[in-house]
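# Summary of the model geometry
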Amino acid sequence: MGQDASRVKELEIEKIKQETKLENEKRMREEAQRKEEAEKKEEERRREESRLKEEARRQEEEKRKEESSLREEANRQEKEKRQEEKCKKEARLKLQTEIKELRKELLSSVQGQKILLIGGDGHGKSSLINTFNHVVRLQNPQAKFQEIAKMGAGYGDTKTFTFRYYHKGPPGSLFDDVVIPDGKELPHFQDLCGMSEASQVHAVKLIFLLATGKIDDHKDLRTHMDPKSDLDKIDRQARNDRRCWSVLFVASAMHEFPTRLADAVREASEQFQADKSGVKVFCVLTNVDRATSDSVDEAFEAAAHSLNIFELRIFKISNYTPADVRRNLTTVPNLEREAAVLHALYTMVQNSYLPAFSNELNEI
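The subject of this paragraph is helix α8 (residues 335-350). Helix length check: α8 (16 residues) gives 21 Å between terminal C-alpha atoms against 22 Å at 1.5 Å per residue, within 8%. The buried fraction of α8 amounts to 13 of the 16 residues, a majority that puts the element mostly inside the structure. Just past α8, the residue N351 takes up positive phi, approximately 60 degrees.

Okay, here's the thing in structure tokens:
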């Protein structure tokens, strides 16, 4: 009995030891697992911290690069702006010099030339005369805009304004405050209205007779404007004091091109050549600043084709309008407009081009 009890006790002790061993091993495994998980988490934390630091460093580097790029772009834009302003200033000074020289050449070339204006009603003939007047008078910086030709008259009773004649005279007339060399006479403008109603044949004959000085524009014009007038009976010698230096066809780029009237001018021009009268035909497209670029191009092509003239005889001009006067735009210097107007006027007066304003030196 004693041995059996002792054996049982030994077995119990052995069992307890075994259980304790298993419990310790389990606890050690759990501890190792917890330690491994902790180390794994710590490793993940360190990797995430490293990633965040790397991301922050990368973002900071990108930020520095972006700021540097922005500074470089700002410096580049500022440099371009300064260069552009410098170029504009140089171009403006050059244009001012060219305008001064062109105005000098114009005023030294005037000989009282008479220019015949022809165009559709409302196409800007009166505005063009006022624009010529104002730009030439800008020789005097204090010169104010003068509406010497009633603008918009083409939409009214044009027969009332069949003939208008502008020349140097008392204050208020064309170029009254312009200083010109002694012995020189400023140009005369003859605005021929009502031509839109004339027949093709009658218009051709009238333009030819008037431009070549075979009609006394003061006495005969109103009579001969009548379509019933028999122009074939006129057989007069041309007089230099009545002949026109050139014919200027005026068409607005905002309106339909007056092809029928342009055809009449072209036919008259062919007679000028056959008669060897020396009268040349020019064209001004008005309102180019208010028309679309496509409309201006179409009007330019129509003028070159219908009038059959060199493109160098066609000028694009922005007229001074009543709206410009109301908004005081006539008091603001516009060198591009001023140069274009002087160039056109000089060309019609001189029948040649200044090299400063054209690279084309061919005969026009």
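Moving on to the packing of helix α3 (residues 200-211) against helix α5 (residues 259-275). Orientation of α3 relative to α5, taken along the N-to-C sense of each, is 45 degrees, at an axis distance of 8 Å. As the angle between them shows, α3 and α5 are arranged oblique. For the crossing formed where α3 meets α5, the hand is right-handed. In this structure, α3 uses Q200, A203, V204, I207, F208 and A211 to contact α5, whose residues at the interface are R260, D263, A264, V265, E267, A268, Q271, F272 and D275. Split by residue class, the contact of α3 with α5 holds nine nonpolar, two polar and four charged.

Here T321 shows up in the loop between β6 (314-316) and α7 (322-326). C-alpha separation for the pair T321 and T131, spaced 190 residues apart in sequence, amounts to 8.5 Å.

Summarising burial for strand β1 (residues 114-119): six of the six residues are buried, a large majority. Residues K114, L116 and I118 point to one face of β1 and I115, L117 and G119 to the other, with burial holding for every one of them. Relative to strand β3 (residues 188-192), β1 runs parallel, the two being bridged by five bridges. Across the sheet, I118 pairs through a bridge with L192, a residue of β3. Where β1 and strand β4 (residues 246-252) come together, five bridges link them in parallel fashion. Directly across from G119, in β4, lies its bridge partner V250.

Rules used in this analysis
- Residues numbered from 1 in each chain as written.
- Predicted model: local features only at pLDDT ≥ 70, side-chain atom pairs only at ≥ 80, totals over all residues.
- Heavy atoms only, no water.
- Helix = DSSP H or I, 4+ residues; strand = E, 2+ residues; numbered from the N terminus.
- Expected span 1.5 Å × (residues − 1).
- Buried < 20%, exposed > 50% of the residue type's maximum accessible area, 1.4 Å probe, protein only.
- Axes fitted to C-alpha atoms, helices over the stretch in contact; angles between N-to-C directions.
- Parallel < 35°, antiparallel > 145°, perpendicular 65-115°, else oblique.
- Left-handed = near helix turned anticlockwise from the far one by under 90°.
- Contact = heavy atoms within 4.5 Å.
- Nonpolar A, V, L, I, M, F, W, Y, C, P; charged D, E, K, R; others polar.
- Pairing = 2+ DSSP bridges.

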